[in-house]
Amino acid sequence: MDSCSQNLQGPCPSSPDTDTPRAASSAVQRALRLIQSDHFDSKVDAAKEIRRLTKTSRRCRRQLAQAVQPLVSMLLVLDSPECHESALLALLNLAVQDEKNKKSIVESGGLEPIIGFLQSENLNLQEYATASLLTLSASTTNKPIISASGAIPLLVEILRDGSSQAKFDAVMALCNLSTHTDSLSIVLETNPIPSLVCLLKTCKKSSKMAEKCCALIESLVGFDEGRTALTSEEGGVLAVVEVLENGSLQSREHAVGALLTMCQSDRGKYREPILREGVIPGLLQLTVQGTPKSQIKAQALLQLSRDTP
């Protein structure tokens with residue numbers, strides 16, 4: 001899943017001088033020329049123009065693919081937040097819904113500086129870097145590279161300490177990465193469950209944040225360490241039960257899936273902690289009102305919840 005980079009950028013109205021294909025092509029050529037310039041201000045202006053041109057145009061993203069390498073080079077300039085922010089936002093737009101550009105950014109060496117910005121004291125840079133990793137991690141090719149790069153522990157730190165937008169993008173990025181088998185074990189090693197539970201407690205249960213947190217928890221409780229972490233965290237199981245009761249259809253499916261996985265792994269150990277949080281009314285409702293998968297999982301969990309399985 002790609003980042004909705006428009007949320008980070010604010011309004012960016014179209015310009016009358018690029019409303020026609022010919023004018024857009026001329027603007028693309030000008031931006032490519034300027035981004036290759038040795039003049040610092042020209043490169044920053046070009047990055048801003050590339051960001052604007054690629055905001056909604058897939059054609060411009062393809063035409064401006066040559067800008068990836070010079071933009072990555074701008075990320076390596078020391079002590080220049082304006083340069084870094086302009087380049088990051090341009091790269092973010094270039095990567096949205098463009099698989100080739102996603103791969104090119106990583107192949108051009110963009111991953112290392114982007115990961116470095118996750119630790120920046122500049123909250124804008126931190127936020128843009130998180131959004132960039134979300135977008136880049138949508139590529140199947142990039143997933144193992146990002147996971148091996150040391151990004152996952154930093155994304156988990158963002159879950160704990162980042163801005164609201166950065167936390168959301170970090171959860172989304174971790175969900176993307178967790179679909180790669182080796183990545184999931186790395187996520188597990190960083191102990192993200194406490195941060196995920198904290199986010200579940202504070203976010204709206206029907207929100208996308210709740211859905212993605214529950215999706216990640218569902219994957220993590222497939223491991224003994226994940227199950228232990230969830231039950232050890234105060235209010236951890238309850239937070240999942242509350243999503244099962246009040247979440248969106250997709251969120252409820254992940255929530256019941258997580259609880260079922262736990263109970264199936266060791267009924268004697270997890271049945272009571274789950275029942276203690278009052279899960280039965282929500283399960284009964286889910287057997288009628290849930291998605292087809294939710295209904296099946298709810299019925300299975302109800303069966304396991306009986307005194308005699």
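What you are looking at is a predicted structure, and each value in this text was computed from that prediction instead of being measured.

Got a minute to help me understand the UniProt feature "repeat: ARM" (unreviewed entry) in the protein in this structure?
The sites that UniProt annotates as "repeat: ARM" (unreviewed entry) are residues 109–151 and 150–192. For residues 109–151, the end-to-end C-alpha separation is 14 Å, with 65% helix and 0% strand making up the annotated structure. With 81% helix and 0% strand, residues 150–192 has its two end C-alpha atoms placed 15 Å apart.

Help me understand the confidence of the model for the protein, please; the structure alone is not making it clear to me.
Atomic detail in the predicted coordinates should be set aside for any region of low pLDDT. Confidence in the prediction of the protein, expressed as mean pLDDT, is 92, and 92% of residues score 70 or more. In the model, residues 9–18 has pLDDT below 50 throughout and makes 18 contacts with residues more than four positions away in sequence or in other chains.

Please clarify how the packing of helix H6 (residues 81–95) against helix H9 (residues 123–136) should be interpreted in this entry.
Packed helix pairs are specified by the crossing angle of their axes together with the interaxial distance, meaning the distance between the axes. With their axes 10 Å apart at the nearest point, H6 and H9 run at an angle of 20° to one another. Taken as axis vectors, H6 and H9 run roughly parallel relative to one another. Handedness of the crossing formed by H6 with H9: left-handed. Facing H6, whose interface residues are His84, Glu85, Leu88, Leu89, Leu92 and Ala95, H9 presents Asn124, Leu125, Tyr128, Ala129, Ala131, Ser132, Thr135 and Leu136.

Sorry, what's going on with the environment of Glu234 here?
Mapped onto the secondary structure, Glu234 falls in the loop between helix H16 (224–232) and helix H17 (236–246). Separated by 40 residues in sequence, Glu234 and Pro194 have C-alpha atoms that sit 8.8 Å apart. Filtering out sequence-adjacent residues up to four positions away, Glu234 remains in contact with Val197 and Lys201.

Teacher, can you tell me more about the UniProt feature "domain: U-box" (unreviewed entry) in the protein here?
On the UniProt side, "domain: U-box" (unreviewed entry) is annotated at positions that read residues 37–306 here. End C-alpha atoms of residues 37–306 are separated by 71 Å, and the span's content is 77% helix alongside 0% strand.

Calculation notes
- Residues numbered from 1 in each chain as written.
- Predicted model: local features only at pLDDT ≥ 70, side-chain atom pairs only at ≥ 80, totals over all residues.
- Heavy atoms only, no water.
- UniProt positions renumbered as here; feature names shortened; annotations may be inferred.
- Helix = DSSP H or I, 4+ residues; strand = E, 2+ residues; numbered from the N terminus.
- pLDDT = per-residue confidence, 0-100.
- Contact = heavy atoms within 4.5 Å.
- Axes fitted to C-alpha atoms, helices over the stretch in contact; angles between N-to-C directions.
- Parallel < 35°, antiparallel > 145°, perpendicular 65-115°, else oblique.
- Left-handed = near helix turned anticlockwise from the far one by under 90°.

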